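Each chain is listed here by its residues.
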Amino acid sequence: MPLLVMKFGGTSVADLDRIKNAAEKVKREVERGYDVIVIVSAMSGKTNELVGWVEQTSPLYDAREYDAVVASGENVTAGLMALRLQEMDVPARSWQGWQVPINTTSAHSSARFVSIPRTNIDAKFAEGMKVAVVAGFQGLSAEGRITTLGRGGSDTTAVAFAAAFGAERCDIYTDVDGVYTTDPRISSKARKLDKIAFEEMLELASLGAKVLQTRSVELAMRYNVRLRVLSSFEDTDENSGTLVCGEEEIMESKVVSGVAYSRDEAKITLFTIEDRPGVAQAIFGPLSDAGVNVDMIVQNISEKDYDDSHPGAVTDMTFSCPINQVARAKKALEEAKAAGLIKYDELIIDTEVAKVSVVGIGMRSHAGVAATMFKALAAENVNIKVISTSEIKISVLIDRKYMELAVQALHDAFELEKSA
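Numbering of residues begins from 1 in every chain and follows the order in which that chain's sequence is written. Local features are withheld for residues below a pLDDT of 70 in this predicted model, meaning they are given only at 70 or higher, and side-chain atom pairs are given and counted only at 80 or more; totals for whole chains, interfaces and linings count all residues. With hydrogens and water stripped out, all remaining heavy atoms of the structure feed into the side-chain values.

- Taking an unreviewed UniProt entry as the reference, the protein is identified by name as Aspartokinase belonging to Rhodobacter xanthinilyticus.
- UniProt positions are given in the numbering used here, feature names are shortened, and annotations may be inferred rather than shown by experiment. According to its UniProt record, the protein has this under Catalytic activity (unreviewed entry): "L-aspartate + ATP = 4-phospho-L-aspartate + ADP".
- UniProt, in the comment section headed Sequence similarities (unreviewed entry), describes the protein in these words: "Belongs to the aspartokinase family."

Encoded structure:
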């Protein structure tokens, strides 16, 4: 039998009525001739509730017990989904992570997959089971303890199962009906994409688009798992949603496919640092050790670049990071300075910035994207603070108050409301 993986997020299984709605979608795929592996999240809000209970009980909690508690939300959903399918005369059974088993590393609350053996589930399919309902977000460590994969882990679970079982496709059911050229809440001209390349989706996910979890897209790209993003709340067919696939499946695409944004950014500048070999490592090493995710980096030109007679020349270094990591970054830099690892005159932090990016595989073979982007922002009097680029992306850091204006201007400039 051909095999399909279907994943339902928390809003899609938020209550018994929505679980029934999701089960009806699964039954339709069984009737089309598929064996189905269903990956479920905890019911909407349940994971936050469980995390709250853990933190109230033990502020300095044992991570192993945290995982044991938090993983229970998915177990409940899996059991209820299997029961609902059985009531619909669909042979189904629920599976917890340890029953598969989903083998992971021992990094509690942020575990990674090691292997997903097919033997147990394949044996049940051979006996007549049509649907395996698997609790997402969880696994089993080598020590025999329950582990969890971190927020969004059910998306990653679904892609991992699709890769392990050679699924025809992995359908991700959520509360949106696909991937859009930008956030429809910001631009009324946002258009749903029929297809998007893995690389584009990975960039959009990492830049702030919330449709798919970044790790799941990375895994799908590595194993060439075709993903489809669909709405749980609409009738769907084989042409619904957005297909995330290899670039070779997209005949012709626009130069820019989407505009992404992130509100939660901060800009940090170190003034008058030494301009010498190794200074970048002296700055970013301590930041890495502190777990700060540095993104955009700019080093200013120094006196030395004009005149080699300044052996003690200095420069400035600017970088961006998530706003919730600013305190960690500041502490790490101040400690590095106190330890004599780096010298700087002033540390300036700007927490009123946002990152706006244009993404598209077509940028590889087309010139003028940066010029169009900068012209559109200049026309709206939006000042650019920092710029970073990759082969298929250009990102800028701007004042947060101009973020929505910038997104709308760029969406219009690249005419993303029009299909290719």
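1. Overview of the UniProt feature "binding site: substrate" (unreviewed entry) in the protein
No. 1: As recorded in UniProt, the feature "binding site: substrate" (unreviewed entry) lies at Thr-47 and Glu-74. In terms of the greatest pairwise C-alpha distance, the residues named above, spread along 28 residues, form a tight cluster of at most 8.7 Å across.
No. 2: Using a relative accessible area of 13% as the deciding quantity, one classes Thr-47 as buried.
No. 3: By definition in these notes, contact holds between two residues if any of their heavy atoms fall within 4.5 Å. Those residues within four positions of Thr-47 in sequence are excluded, and the remaining contacts are Ala-42, Val-70, Glu-74 and Arg-151. The buried label goes to any residue with under 20% of its type's maximum accessible area, the exposed label to any with over 50%, and the partly exposed label to all in between, with areas taken from a 1.4 Å probe on protein chains only.

2. Some points on the nonpolar core
No. 1: The set of buried Ala, Val, Leu, Ile, Met, Phe, Trp, Tyr and Cys residues whose side-chain atoms join them within 4.5 Å is what this entry labels a nonpolar core. Core analysis: the biggest nonpolar cluster contains 41 residues, and Val-5, Ile-37, Ile-121, Val-134, Phe-161, Met-201 and Leu-227 have the highest contact counts within it.
No. 2: Those residues in contact with Leu-227 that lie beyond four places of it in its chain are Val-159, Cys-170, Ile-172, Leu-212, Ala-220, Thr-242, Leu-243 and Val-244.
No. 3: Judged by nonpolar contacts, the second largest core, of 26 residues, contains Val-26, Val-30, Val-36 and Val-38.

3. As for the sheet that holds strand 11 (residues 227-231)
No. 1: Pairing is mixed across the open sheet formed by 8 strands, whose spatial order is 3-6-2-1-9-11-12-10. Unpaired on one side and paired on the other, strand 3 (92-95) and strand 10 (195-197) mark the two borders of the sheet. The average undirected angle you get between the axes of adjacent strands in this sheet is 20°.
No. 2: Where strand 10 lies against strand 12 (residues 242-245), 3 bridges are found, and the strand directions are parallel. Directly across from Ile-196, in strand 12, lies its bridge partner Val-244.
No. 3: The strands that helix 1 (residues 16-31) touches are strand 1 (3-8), strand 2 (35-40), strand 6 (131-135), strand 9 (169-174) and strand 11; relative to strand 1, the one it contacts most, it runs at about 170°. Two strands pair if DSSP finds at least two bridges between them. Secondary structure is summarised from DSSP: a helix means a run of H or I of at least four residues, a strand means a run of E of at least two, and numbering begins at the N terminus for each. Structural elements are reduced to axes, namely lines fitted to C-alpha atoms, with helices fitted over the stretch in contact, and the angle between N-to-C directions of any two is expressed from 0 to 180 degrees.

4. Notes on the packing of aromatic side chains
No. 1: Pairing of aromatic rings covers Phe, Tyr and the six-membered ring of Trp, with a centre-to-centre limit of 6.5 Å; geometry is then stacked below 30 degrees between planes, edge-to-face above 60, and tilted otherwise. Tallied over the entire structure, the rule returns 4 aromatic pairs.
No. 2: Measuring from ring centre to ring centre gives 4.8 Å for Phe-8 and Tyr-173, while their planes differ by 20°; the resulting arrangement is stacked. Linking Phe-8 in strand 1 with Tyr-173 in strand 9, this pair joins segments that are 165 residues apart in sequence. Considered together, Phe-8 and Tyr-173 belong to a single accessibility category, that of buried residues.
No. 3: The interplanar angle of 15° and the centroid separation of 4.9 Å between the aromatic rings of Tyr-61 and Tyr-66 together place this pair among those described as stacked.
No. 4: Classification of Tyr-61 by relative accessible area gives partly exposed; the value is 33%.
No. 5: Residue Tyr-66 is classed as buried on the basis of its relative accessible area of 12%.
No. 6: By definition here, charges over rings are those cases where NZ of Lys or CZ of Arg is within 6 Å of the ring centre and within 35 degrees of the ring normal. When the ring centre of Trp-95 is taken as reference, the NZ or CZ atom of Arg-93 above it lies at 3.8 Å.

5. A short note on helix 4 (residues 72-87)
No. 1: In a regular helix each residue adds 1.5 Å, so 16 residues correspond to 22 Å; helix 4 covers 23 Å between its end C-alpha atoms and thus fits that length.
No. 2: Where helix 4 terminates, the next one or two residues include Asp-89, which has phi positive at roughly 65°. By this rule the span expected of a helix is its residue count minus one, scaled by 1.5 Å.

6. A word on the side chain of Lys-254
No. 1: Structurally, Lys-254 is set in the loop between strand 12 and strand 13 (258-274).
No. 2: Residues counted as positive are Lys and Arg, residues counted as negative are Asp and Glu, and His and the chain ends are not counted. What counts as a salt bridge is simple: a side-chain nitrogen of Lys or Arg found within 4 Å of a carboxyl oxygen of Asp or Glu. Of the side chains with opposite charge, Glu-415 comes closest to the buried, unpaired Lys-254, at an N-O distance of 5.3 Å.
No. 3: By the criterion applied in these results, polar contacts are pairs of N or O atoms within 3.5 Å in which, for protein atoms, one can donate a hydrogen and the other can accept it, and in which residues neighboring in sequence qualify only through two side-chain atoms. Side-chain polar atoms of Lys-254 contact the backbone oxygen of Glu-415, separated by 3.3 Å.

7. A short note on the environment of Val-386
No. 1: The topology assignment puts Val-386 in strand 17 (residues 386-390).
No. 2: On the basis of relative accessible area, Val-386 is assigned to the buried category, the value being 4%.
No. 3: Note: C-alpha distance between Val-386 and Met-296 (90 residues apart in sequence) is 7.3 Å.

8. Observations regarding the packing of helix 1 against helix 4
No. 1: One can describe the packing of helix 1 onto helix 4 by two numbers: an axis separation of 9 Å at closest approach and a directional angle of 60°. Considering the angle they form, helix 1 stands oblique to helix 4. In this structure, the crossing between helix 1 and helix 4 has a hand that is right-handed. Contacts from Leu-16, Ile-19, Lys-20, Ala-22, Ala-23 and Val-26 of helix 1 reach helix 4 at Leu-80, Met-81, Arg-84 and Leu-85. Note on angle classes: values under 35 degrees are labelled roughly parallel, values over 145 roughly antiparallel, values of 65 to 115 roughly perpendicular, and the remainder oblique. What makes a crossing left-handed is the near helix being turned counterclockwise from the far one by less than a right angle; a clockwise turn instead makes it right-handed.

9. Quick notes on the state of the cysteines
No. 1: Disulfides are defined in this document as cysteine sulfur pairs within 2.5 Å. Per the stated rule, a full pass over the model turns up 0 disulfides.
No. 2: Its sulfur unpaired, Cys-170 is 14 Å from the next cysteine sulfur, which belongs to Cys-245.

10. What about the domain arrangement of the protein?
No. 1: With domains assigned, the protein is organised as domain 1 (3-248) and domain 2 (260-414).
No. 2: Taking only C-alpha atoms into account, the centre of domain 1 sits 35 Å from that of domain 2.
No. 3: Of the residues lining the interface, 17 residues belong to domain 1; the matching set on domain 2 comes to 19 residues.
No. 4: When two components associate, each loses some accessible surface as probed by a 1.4 Å sphere; the sum of these losses over both components is called the buried area. Summing both sides of the interface, domain 1 and domain 2 together bury roughly 1,500 Å²; the carbon and sulfur share of this comes to 60%.
No. 5: The salt bridge involving Glu-199 is made with Arg-364; its shortest N-O contact spans 2.7 Å.
No. 6: Our enumeration of links across domain 1 and domain 2 arrives at 7 residue pairs in polar contact (both at pLDDT 80 or more).
No. 7: Counting residues per element, the side of domain 1 that touches domain 2 draws most heavily on helix 7 (residues 198-206), which supplies 4 residues.
No. 8: Side-chain classes are defined by residue name, with Ala, Val, Leu, Ile, Met, Phe, Trp, Tyr, Cys and Pro counting as nonpolar, Asp, Glu, Lys and Arg as charged, and the others, Gly among them, as polar. Partitioning the side of domain 1 that touches domain 2 into residue classes produces 5 nonpolar, 4 polar and 8 charged. Either an automatic procedure or a domain database provided the assignment from which the domain bounds are taken.

11. Points about the packing of helix 7 against helix 8 (residues 214-223)
Helix-helix packing is characterised by the crossing angle of the two axes and by the distance between the axes.
No. 1: Where helix 7 meets helix 8, the closest approach of the two axes is 9 Å, and the angle between their N-to-C directions is 165°. As summarised for this structure, helix 7 and helix 8 are arranged roughly antiparallel, according to the angle between their axes. Pair helix 7 / helix 8 crosses with left-handed handedness. Contact residues: helix 7 offers Phe-198, Glu-199, Met-201, Leu-202, Ala-205 and Ser-206, while helix 8 offers Thr-214, Val-217, Glu-218, Ala-220 and Met-221.
No. 2: Among the residues forming the contact of helix 7 with helix 8, the class breakdown is 7 nonpolar, 2 polar and 2 charged.

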